[in-house]
Amino acid sequence: ATSKTLRIAVIPGDGIGTEVMPYGLACVKAAAKIYDISLEFEEFDFASCAYYQKHGKMLPDDWKETLSKFDALYFGAVGLPEVVPDHVSLWGSLLQFRREFDQYINLRPCRLMPGVRCPLANRKPGDIDFWIVRENTEGEYSSIGGTMFPGTERETVIQETVMTRIGVDRVLKYAFDLAQSRPKKHLTSATKSNGISITMPYWDSRVEAMSPSYSDVKVDKFHIDILTAHFVQRPQHFDVVVGSNLFGDILSDLGPACTGTIGIAPSGNINPTGKFPSLFEPVHGSAPDIMGKGIANPVGMIWAGQMMLEHFGYKEAAAHMLKSVENVLARGEDSVVTADMGGHGNTKSFGDAVEQEILKGK
Ligand code: NAI
Ligand code: MG
């Protein structure tokens, strides 16, 4: 952990993003207090549809300069489709951050928490605990391609997968490092070299090339189709799973879905070099169907804050935060937890309970 002050830009966004953010902040601040971590927060109203309505754009022109000064972005959710079309709000904000700040890692925990009804049969907390590392900048999601002869019989569309050695190696290095830092030291690579016969064998060859530098890390690989089946049938096998942009996208929805509600899942969009800030957010969106009611589950936002502390090396504080969330979930008090977890509590009761649990101390 660094002893310098960590500067965090707070961007609540839209809908329930603005409702869960105060509790995320309260919990991060509580952990910082207990562990004596120096944090500095500045809140911004852009990257929201309200900002768009006022200014005709999602972000101010100097957003990159403004946000570059921060170590991390703590982000709620963006989007109000009734007000601004989703492609405008998302592309005009969150996707700009990911791209311009070269956040080439998308990181999601896949962890079965106590008190969460697991959609998979006979699984208990501890059985499922792994990370999904997704390449976040290239691969299948490329702008190389085009359309020819549109509207005719010869109508032709092509979109190329782009894998660069830099792009592949940096995501693999991150995944190997993460695997090496964990007790199981086990990395699984998602491939499809039997069908996608150029880029996927290349991906596999880079895994093989890097593997000797991590002799203590056990490596295996599965084709993406059977890998999805294994996620469901033997999730206990996994420790760190790395995939290309498309495969990672699919796995990073499937994995957390195997461990419960969307209201609790967090995600990191990380630039490990530190050249630009990384972004930590709940997986869920702005949930217009429940906004304004104060009933959104705050755990995704809180857990995203936990990932942020972990990313910056505050391991003990992060572990304490995660344990505190787990303790509150395990108690599962009906008056505390929100409706998506079967309770009658609200954002405040749930968020306050986690904050109080953190403040109980080490
Ligand atoms: P959503 O995640 O906002 O909601 C999906 C369903 O899950 C809804 O029924 C909602 O009520 C429920 N839900 C989500 N978070 C919850 C929480 N914390 N507690 C309890 N229930 C929760 O996804 P949806 O409806 O597809 O998108 C709504 C808006 O959010 C759109 O504008 C979309 O573009 C945007 N969005 C933004 C994301 C982001 O900022 N990273 C991610 C996903 C969607
Ligand atoms: Mg997705």
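Residues numbered from 1 in each chain as written. Chains lettered and ligands numbered in written order. Predicted model: local features only at pLDDT ≥ 70, side-chain atom pairs only at ≥ 80, totals over all residues.

**Q** Would you explain the nonpolar core in this entry?
**A** For soluble globular proteins, nonpolar side chains are generally found buried alongside one another. Ranked by internal contacts, the top residues of the largest apolar core, which has 68 residues, are Cys27, Leu73, Leu309, Met321 and Val325. In terms of residues, this core owes the most to one element, helix H1 (residues 16-35), which gives 9 residues. If sequence neighbours within four positions are ignored, Val325 has contacts with Val299, Ile302, Trp303 and Val354. Formed by 31 residues, the second largest nonpolar core is a distinct cluster that contains Ile105, Ile128, Ile132 and Val242. (Core = buried A, V, L, I, M, F, W, Y, C linked by C-beta atoms within 7 Å. Buried ≥ 20, exposed ≤ 12 C-beta atoms within 10 Å, placed from the backbone. Helix = DSSP H or I, 4+ residues; strand = E, 2+ residues; numbered from the N terminus. Contact = placed C-beta atoms within 7 Å.)

**Q** Looking at this model, I keep getting lost on the domain arrangement of the protein chain. Mind explaining?
**A** One widely used convention gives an interface's size as the accessible area the parts lose upon coming together. The domains assigned to the protein chain are domain 1 (1-104 + 262-362) and domain 2 (129-258). Just the C-alpha atoms count here: the centres of domain 1 and domain 2 sit 26 Å apart. The class makeup of the residues in the side of domain 1 that touches domain 2 is 4 nonpolar, 2 polar and 2 charged. (Domains from an automatic or database assignment. Nonpolar A, V, L, I, M, F, W, Y, C, P; charged D, E, K, R; others polar.)

**Q** Where do I start with helix H12 (residues 347-359) in this structure?
**A** Three or four residues apart is the spacing at which side chains of an α-helix point the same way, because the helix has 3.6 residues per turn. For H12, with 13 residues, the first-to-last C-alpha span of 18 Å sits near the 18 Å given by 1.5 Å per residue. For H12, the full list of buried residues reads Thr347, Phe350, Gly351, Ala353, Val354, Glu355, Glu357 and Ile358. Along its buried surface, H12 packs onto H1, helix H10 (299-311) and helix H11 (315-331). Positive phi shows up at Gly361, right after H12, with a value of about 95°. (Expected span 1.5 Å × (residues − 1).)

**Q** I tried to follow the sheet that holds strand E11 (residues 266-270) on my own but got confused; where do I start?
**A** Neighbouring strands of a sheet are bound in pairs by backbone hydrogen bonds; such pairs are parallel or else antiparallel. Sheet architecture is open: 10 strands sit in the order E2-E1-E3-E12-E11-E4-E5-E10-E8-E9, paired in mixed fashion. Strands at the two margins of the open sheet, each flanked by one partner only, are strand E2 (39-43) and strand E9 (218-223). On average, adjacent strands in this sheet sit at an angle of 20° to one another, irrespective of strand direction. Inspection of the sheet shows strand E8 (residues 186-191) paired to E9 by 6 bridges, in the parallel sense. When the bridges of E9 are listed, His186 appears paired with Lys218. Across the sheet, helix H6 (residues 165-180) touches strand E4 (105-111), strand E5 (129-135), E8 and strand E10 (240-243), and the angle it forms with E5 is around 165°. (Pairing = 2+ DSSP bridges. Axes fitted to C-alpha atoms, helices over the stretch in contact; angles between N-to-C directions.)

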